[in-house]
Amino acid sequence: MEVLLAKIALAAVPVVLAITLHEAAHGYVARRFGDSTAWMLGRVTLNPLKHIDPVGTVLVPLGILLLTGGSFLFGWAKPVPVNFGNLRHPKRDMLWVAAAGPGVNFVMALAWALVYGLAGGDGASTSAALKYMSLTGVFINLSLMVLNLLPILPLDGGRIAVSLLPHSLAVPFSRTEPFGFFIVIALLVTGFLGTLMWPLMGIALALVESLTGVSLPGGL
């Protein structure tokens, strides 16, 4: 139990950063393209308390960590409010607003990979802790990126799909949004979510290693 609690404490920093910057990035880019909704509501901030959902950010991930021993993590934050109608070119600009969150997660994955590569030898306890924290940072950010890029509304990938699809296809596809959360939960419960994500995670991890020159283990 002590080891698990230590893992949770070390994972907290990269997890909070990943969620906070992901959500803040959506609001920041939305403001750049004409919608100040998130800015006016104080959501373009690095204060994690503004983005934490008590259930999705705390209870669900903590329960999963306790049940899996730290081998799997799933959760969500409070979505940043974006009024796409306020964007200067709503359909086109939606792509950049949606891509901002996963894009920031990829940048953070690169940064954590560099921290992992710079950490000292395996013999020091401080080095071992830093390596676990940085490796968690890589995997949580890549997980958030890959999950959010799945073409399911209201995930970011669904928004990107709406932006890229012709109007005749984008409209009927947008009507699937009320069912998106249930689709994701169904994929998670049946195990298909992992089947979809792991190959994409492998590609993303290989890209991170290629760009940073850091060799990373295949799991935590």
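Report on the accompanying structure. (Residues numbered from 1 in each chain as written. Predicted model: local features only at pLDDT ≥ 70, side-chain atom pairs only at ≥ 80, totals over all residues. Heavy atoms only, no water.)

### Observations concerning the overall build of the chain
- Scanning the chain from terminus to terminus reveals nine helices and zero strands.
- For the chain, the N- to C-terminal ordering of α and β elements is α-α-α-α-α-α-α-α-α.
- Across the 220 residues of the chain, 41% fall into the buried class.
- Looking at the chain alone, contacts between residues at least 24 apart form 71% of all its contacts between residues at least 6 apart.
- Here the chain displays about 11,500 Å² of accessible surface, and carbon together with sulfur accounts for 72% of that area. (Helix = DSSP H or I, 4+ residues; strand = E, 2+ residues; numbered from the N terminus. Buried < 20%, exposed > 50% of the residue type's maximum accessible area, 1.4 Å probe, protein only. Contact = heavy atoms within 4.5 Å. Areas by Shrake-Rupley, 256 points an atom, 1.4 Å probe, with all protein chains shown as cover.)

### What to know about the side chain of asparagine 141
- Among the secondary structure elements, asparagine 141 is positioned in helix H5 (residues 125-148).
- Taking relative accessible area as the criterion, asparagine 141 reaches 0% and is therefore assigned buried.
- Setting aside anything within four residues of it in sequence, one finds asparagine 141 in contact with Ala18, Asn105, Met108, Ala109 and Trp112.

### Observations concerning the packing of helix H4 (residues 90-118) against helix H6 (residues 156-164)
- Contact geometry of H4 with H6 gives a least axis separation of 8 Å together with a crossing angle of 155°. With respect to each other, H4 and H6 are oriented roughly antiparallel. Here the hand of the crossing between H4 and H6 comes out left-handed. Contacts between H4 and H6 pair Lys91, Arg92, Met94, Leu95, Ala98, Ala99 and Pro102 from the former with Asp156, Arg159, Ile160, Val162, Ser163 and Leu164 from the latter. (Axes fitted to C-alpha atoms, helices over the stretch in contact; angles between N-to-C directions. Parallel < 35°, antiparallel > 145°, perpendicular 65-115°, else oblique. Left-handed = near helix turned anticlockwise from the far one by under 90°.)

### Observations regarding unusual backbone geometry
- Cis peptide bonds are those with omega within 30 degrees of zero, and the linkage from leucine 153 to proline 154 qualifies with 10°.
- Inspection of the secondary structure assignment puts proline 154 in the loop between H5 and H6.

### A short note on the packing of H4 against helix H9 (residues 192-212)
- Contact pair H4 / H9: the axes reach a minimum separation of 10 Å and the direction vectors enclose 55°. Classified by the angle their axes make, H4 and H9 are oblique. Where H4 crosses over H9, the two elements pack in a sense that is right-handed. For the pair formed by H4 and H9, the contact residues are Phe106, Ala109, Leu110, Ala113 and Leu114 on the first element and Ala204, Leu207, Val208, Leu211 and Thr212 on the second.
- The class makeup of the residues in the contact of H4 with H9 is nine nonpolar, one polar and no charged. (Nonpolar A, V, L, I, M, F, W, Y, C, P; charged D, E, K, R; others polar.)

### Here we look at the packing of aromatic side chains
- Scanning the model with the defined rule gives one aromatic pair in all.
- Here arginine 31 stacks its cationic end above the ring of tryptophan 39, 3.8 Å away from the centre of that ring.
- One residue, lysine 131, lies across the ring of tyrosine 116, its end atom 5.2 Å from the ring centre. (Phe/Tyr/Trp six-rings, centres within 6.5 Å; stacked < 30°, edge-to-face > 60°. Lys NZ or Arg CZ within 6 Å of the ring centre and 35° of its normal.)

### Let's talk about the pattern of salt bridges
- Taken as a whole, this structure holds two salt bridges when the rule is applied.
- Close ionic contact of arginine 92 with aspartate 93 constitutes a salt bridge, the shortest N to O distance being 3.4 Å.
- Since its relative accessible area comes to 1%, aspartate 93 is described here as buried.
- Residue arginine 159 pairs with glutamate 177 through a salt bridge whose shortest N-O separation is 2.9 Å. Of the two residues, arginine 159 is situated in helix H6 and glutamate 177 in the loop between helix H7 (167-174) and helix H8 (180-190); the sequence distance between them amounts to 18 residues.
- Judged by its relative accessible area of 28%, glutamate 177 is partly exposed. (Salt bridge = Lys/Arg side-chain N within 4 Å of Asp/Glu carboxyl O.)

### Side note on a nonpolar patch on the surface
- Residues Val55, Val58 and Leu59 make up a contiguous nonpolar surface patch of roughly 260 Å² in combined accessible area.
- Mapped onto the fold, leucine 59 is located in helix H3 (residues 54-68). (Patch = residues over 30% accessible without salt bridge, like charges linked within 9 Å, V, L, I, M, F, W, Y side chains within 5 Å.)

### Thoughts on the environment of valine 82
- Checked against the element boundaries, valine 82 lands in the loop between H3 and H4.
- In sequence terms valine 82 and tryptophan 39 are 43 residues apart; their C-alpha atoms lie 9.7 Å from each other.
- Leave out the neighbours within four places in its chain, and valine 82 touches Ala30, Asp35 and Val97.

### Looking at the environment of leucine 149
- Its location among the elements puts leucine 149 in the loop between H5 and H6.
- Taking the C-alpha atoms as reference points, leucine 149 and proline 102, 47 residues apart in sequence, are found 7.1 Å from one another.
- Once residues lying within four places of it in the same chain are set aside, the contact partners of leucine 149 are Pro102, Gly157 and Ile160.

On their own, these measurements won't tell you what the molecule is for.
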